Amino acid sequence: MSDDGARGDRARGLSSRLTRYGDNEFALFLREAFLKAQGLGADALSRPVIAICGAGSDFNPCHATAPKLVEAISRGVMMAGGLPLEFPTISLHESFSHPTSMYLRNLMSMDVEEMLHALPLDAAVLVGGCDKTVPAQLMGAISADMPTVSVVVGPMLTGAHEGERLGACTDCRRLWGEHRAGRLDRSGLDRAHGRLMPSHGTCMVMGTASTMACISEVMGFLAPGGATIPAVHSERLRQAEEAGMRAVAMARAGGPTARSLVTEASIRNAAVVLQSLGGSTNAVIHLAAIARRAGIELTLEEIDAIGKRTPILCDLKPVGRNYMQDLHAAGGLPALLRNLAHASDDLDLSAQAGDGRPWSEVLADWPEWCDTDIIRTPDRPVVPGAALTVLHGSLAPDGAVVKRAALSGHLMAHEGPALVFTSLDDLDARLDDPDLPVTADHVLVLQNAGPVGAPGMPEAGSIPIPKKLAAEGVKDMVRISDGRMSGTAYGAVILHVSPESAIGGPLALVRDGDRIRLDVEEGRIDLLVGEKELDARRAAWRAPDRPVRGYARLFHDHVTGAERGCDFDFLEGHPDDA
Ligand code: FES
Ligand code: MG
């Protein structure tokens, strides 16, 4: 066997994946000399190697507790007889990732995959949590296919401000919207500012970070109950310690590997959980990408159909009222799965949980107690109907997504004239113009915010209500784009329109005044313009310039559409599938 360390090798420790010199004994001799220089003795060098993939950065406040978690994981690894070695990858925070973290997600996944291939390791522990981190780490780990455990950093605690409970980022958006509408002055906004994020951790509503943590848990990457533990609770450190111990056991057993956890059943379970959580629309993209890394296709139609059969049981913002610490105290994800099991034929409890047992066994042992105000029973859903709905029609032949549970009922079916913004800069320049010819009936259309167009599909889809309408008390309007929106946002926002405008999708052909018809219950989004007129516009359409070099060029040439997960086409699947 080559020293590259084929998948499935058991605890080969430092002798695996040797740097190539044409003399493997020398390569190991040199490697051990460098580690001795780091102070490691003969016992340490003989142990299974557990690589801890950290994603800390001073630019990533969500991951501020990562060093403490790494310490706890390392302790667990050593207690179980392994050698913990931490390595860094790039770190993505939503507010510090220009132009958008989605643009960098695939780069991070490549970083994770290639380092897991490059380093001598018997198992890996992934530490992270901010929105794109978990999908990037899982995508990389699935492709690398090592025994892998995930430890999410966990959600922030909520803040209290002038008699109100506040949480990022749903309340950040709500307060900013109040300020734009003139209902909250600058000093009121500034007073609330310091209370929106009172602790370390990830956004504590059911945004993308929380959704992806729960998805990791149901797919078996994370210990049962692990997704919801607040970042600053000691329970999180104890869970990290256990994860270190589990990684050593997995290293010795040679599995389960990351890819083996991604099955038709675990992907379907993840889609059920996503819908029942009223989770982030971003997760639709991430889940498609995660599935495809393992050679499984998850279509928008399947997500839609599962949504129609799945009750929304989790009462968390932005769909409901509560926060992640409440979900944890209410019983956590296992309690949700147990309540769901009575109502969902899609859920497969023979799938593996993060402690190696089938979910059916985990749930049999999980405490009976559940706060059913927060984790509802199927007869009392938070909102009736599906959480996330997929739309098709002449404006989105390959699909679009709407967070149905978070839009105003009166906009469930709507027809109105389009008001088109051709780019994010155009939106920024004109949205608040007092002379903008806009009414509450208008459909705001944002073009060139897709994977190729922006690039990286920024979270600009929840276009703010134009200032003059906000001041009149308008709270929701139909907004359509090929971009995304934060999982913490809400409103009649049609997202991920595909094909996107920058590759010539119908969204690129919309002009001011065109009639657009939305019918969420029917799953339709249509541009009411004749074929002949559209053909003429299509003939006049010109593609934006192709980037000339670097990652921008790679991204432009290889990113897939939202319905396929926005992965790079050459990263889908697995070498063994070829
Ligand atoms: Fe990091 Fe929200 S910005 S999780
Ligand atoms: Mg977010």
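Just so we're clear, the structure is a prediction, and the values are computed from it rather than from any experiment. (Residues numbered from 1 in each chain as written. Chains lettered and ligands numbered in written order. Predicted model: local features only at pLDDT ≥ 70, side-chain atom pairs only at ≥ 80, totals over all residues.)

**Student:** Help me understand the overall build of the chain, please; the structure alone is not making it clear to me.
**Tutor:** A count of helices and strands for the chain gives 19 helices and 14 strands. Relative to the compact-globule value of 25 Å for 578 residues, the chain shows a C-alpha radius of gyration of 24 Å, a close match. Taken along the three principal axes of its C-alpha coordinates, the chain extends 75 × 55 × 50 Å. Evaluated residue by residue, the chain yields a buried proportion of 56% over its 578 residues. Across the chain, every contact between residues at least 6 apart in sequence was considered, and the portion connecting residues at least 24 apart equals 78%. (Helix = DSSP H or I, 4+ residues; strand = E, 2+ residues; numbered from the N terminus. Rg over C-alpha atoms; globule rule 2.2 N^0.38 Å. Buried ≥ 20, exposed ≤ 12 C-beta atoms within 10 Å, placed from the backbone. Contact = placed C-beta atoms within 7 Å.)

**Student:** What is the right way to read the pairing of strand E13 (residues 515-519) from this model?
**Tutor:** Sheet faces and side chains relate simply in a regular strand, where the side chains alternate between the two faces. Residue alternation in E13 divides its side chains into a buried set, Ile516 and Leu518, and an unburied set, Arg515, Arg517 and Asp519. Of the pairings in the sheet, the one linking strand E9 (residues 413-421) to E13 comprises five bridges and is antiparallel in character. For Gly416, the partnering residue across the bridge sits in E13 and is Ile516. Summarising the sheet, E13 and strand E14 (residues 524-527) pair through four bridges and their orientation is antiparallel. Following the sheet pairing, Ile516 is matched in E14 by Leu527. Adjacent in sequence and paired antiparallel, E13 and E14 are bridged by four residues, among which Gly523 carries a positive phi angle near 70°. (Pairing = 2+ DSSP bridges.)

**Student:** Is there a simple way to explain the packing of helix H5 (residues 133-144) against helix H8 (residues 208-218) in this structure?
**Tutor:** Axes are the key here: two packed helices are described by the angle between their axes and the distance separating the axes. Where H5 meets H8, the closest approach of the two axes is 9 Å, and the angle between their N-to-C directions is 35°. Contacts from Val134, Pro135 and Leu138 of H5 reach H8 at Met212, Ala213 and Ser216. The residue inventory of the contact of H5 with H8, partitioned by class, reads five nonpolar, one polar and no charged. (Axes fitted to C-alpha atoms, helices over the stretch in contact; angles between N-to-C directions. Nonpolar A, V, L, I, M, F, W, Y, C, P; charged D, E, K, R; others polar.)

**Student:** It is not clear to me how the pairing of strand E4 (residues 148-152) should be interpreted in this structure. Could you clarify?
**Tutor:** With respect to burial, E4 is a largely interior element, five of its five residues being buried. By the alternation rule, side chains of E4 split into Thr148, Ser150 and Val152 and Val149 and Val151, which are all buried. As paired elements, strand E3 (residues 123-128) and E4 share five bridges and run parallel to each other. In the strand pairing of E4, Leu126 is matched with Ser150. At this point the chain moves from E3, through H5, to the parallel E4, and the crossover so formed is right-handed. (Right-handed = clockwise from strand over helix to strand, strands pointing away.)

**Student:** I'm lost on the confidence of the model for the chain in this one. Help?
**Tutor:** The predicted coordinates should not be examined in detail at positions where pLDDT is low. Of all residues in the chain, 98% have pLDDT values of 70 or greater, and the mean over the chain is 95. Of the regions scoring below 50 in pLDDT, residues 1-8 engages in twelve contacts with residues more than four places distant in sequence or in other chains. Two summary scores accompany this predicted model of the complex, namely pTM at 0.96 and ipTM at 0.95. (pLDDT = per-residue confidence, 0-100.)

**Student:** Can you walk me through the UniProt feature "domain: Dihydroxy-acid/6-phosphogluconate dehydratase C-terminal" (unreviewed entry) in the chain in this structure?
**Tutor:** Per the UniProt record, the feature "domain: Dihydroxy-acid/6-phosphogluconate dehydratase C-terminal" (unreviewed entry) sits at residues 373-566. This span, residues 373-566, is 16% helix and 24% strand, and a straight line between its end C-alpha atoms measures 36 Å. (UniProt positions renumbered as here; feature names shortened; annotations may be inferred.)

**Student:** What exactly am I supposed to notice about the environment of Glu25 here?
**Tutor:** Tracing the backbone shows Glu25 in helix H1 (residues 24-37). For the pair Glu25 and Ser15, spaced ten residues apart in the sequence, the C-alpha separation amounts to 9.1 Å.

**Student:** Got a minute to help me understand the nonpolar core in this structure?
**Tutor:** Within soluble globular proteins, side chains that are nonpolar generally end up buried alongside one another. Judged by nonpolar contacts, the single largest core of 178 residues is most densely connected at Ile50, Val125, Val127 and Leu287. Not counting chain neighbours up to four residues away, the residues in contact with Ile50 comprise Val77, Gly82, Leu83, Pro84, Leu121, Asp122, Ala123, Val125, Gly244, Ala247, Val248 and Ala251. (Core = buried A, V, L, I, M, F, W, Y, C linked by C-beta atoms within 7 Å.)

**Student:** Honestly, the environment of Arg180 in this entry has me stumped. Any pointers?
**Tutor:** By secondary structure assignment, the location of Arg180 is in helix H6 (residues 170-180). Judged by C-beta crowding, with 17 C-beta atoms within 10 Å, Arg180 ranks as partly exposed. Expressed as a C-alpha distance, the spacing of Arg180 and Ser57, which sit 123 residues apart in the sequence, is 32 Å. Beyond its immediate chain neighbours, meaning those up to four positions away, Arg180 contacts Pro464, Lys467 and Ala470.

**Student:** Help me understand the sheet that holds strand E2 (residues 83-88) in this model?
**Tutor:** Through backbone hydrogen bonds, the strands of a sheet pair up, either in parallel or in antiparallel fashion. Spatially, four strands are ordered E2-E1-E3-E4 in an open sheet, and the strand pairing comes out parallel. Sheet topology places E2 and E4 at the edges, where each strand pairs with a single neighbour. The sheet shows a mean angle of 20° between the axes of neighbouring strands, direction not considered. The strands that H5 touches are strand E1 (49-54), E3 and E4; relative to E3, the one it contacts most, it runs at about 165°.

**Student:** How do you make sense of unusual backbone geometry when you look at a structure like this?
**Tutor:** Generally, phi is negative for residues other than glycine and the peptide bonds are trans, each holding for most cases. The linkage connecting His98 with the following residue, Pro99, adopts the cis geometry, with an omega of 0°. Examined against the element boundaries, Pro99 turns out to sit in the loop between E2 and helix H4 (101-118). For the bond running from Ala454 to Pro455, omega is -10°, close enough to zero to count as cis. With respect to the secondary-structure elements, Pro455 resides in the loop between strand E10 (443-446) and helix H17 (467-471). The phi dihedral of Arg17 is positive, around 50°, even though this residue is not glycine. Tracing the sequence through the fold places Arg17 in the segment before H1. The phi dihedral of Cys566 falls on the positive side, at around 55°, and the residue is not glycine. You can see Cys566 is positioned in the segment after helix H19 (550-558). Since 26 C-beta atoms lie within 10 Å of it, Cys566 is described here as buried.

**Student:** Which parts of the structure should I look at to understand helix H9 (residues 234-253)?
**Tutor:** Because the α-helix completes a turn every 3.6 residues, residues three or four places apart line up on one side. The terminal C-alpha atoms of H9, which comprises 20 residues, lie 29 Å apart, in line with the 28 Å expected from a rise of 1.5 Å per residue. Across the 20 residues that make up H9, a large majority, 14, are buried. A positive backbone phi angle near 75° is found at Gly254, which sits one or two residues after H9. (Expected span 1.5 Å × (residues − 1).)

**Student:** I tried to follow the packing of helix H3 (residues 66-79) against H9 on my own but got confused; where do I start?
**Tutor:** Two numbers describe how H3 lies on H9: the axes approach to 7 Å, and their chain directions differ by 40°. The angle between H3 and H9 falls in the class oblique. For the element pair H3 and H9, the recorded crossing hand is right-handed. Of the residues in H9, those touching H3 at Lys68, Leu69, Ala72, Ile73, Ser74, Arg75, Gly76, Val77 and Met79 are Leu237, Ala240, Glu241, Glu242, Ala243, Gly244, Met245, Ala247 and Val248. For the contact of H3 with H9, a count of residues per class yields eleven nonpolar, three polar and four charged. (Parallel < 35°, antiparallel > 145°, perpendicular 65-115°, else oblique. Left-handed = near helix turned anticlockwise from the far one by under 90°.)

**Student:** Please clarify how the environment of Arg549 should be interpreted in this entry.
**Tutor:** Inspection of the secondary structure assignment puts Arg549 in the loop between helix H18 (531-540) and H19. For the pair Arg549 and Ala508, spaced 41 residues apart in sequence, the C-alpha separation works out to 25 Å.

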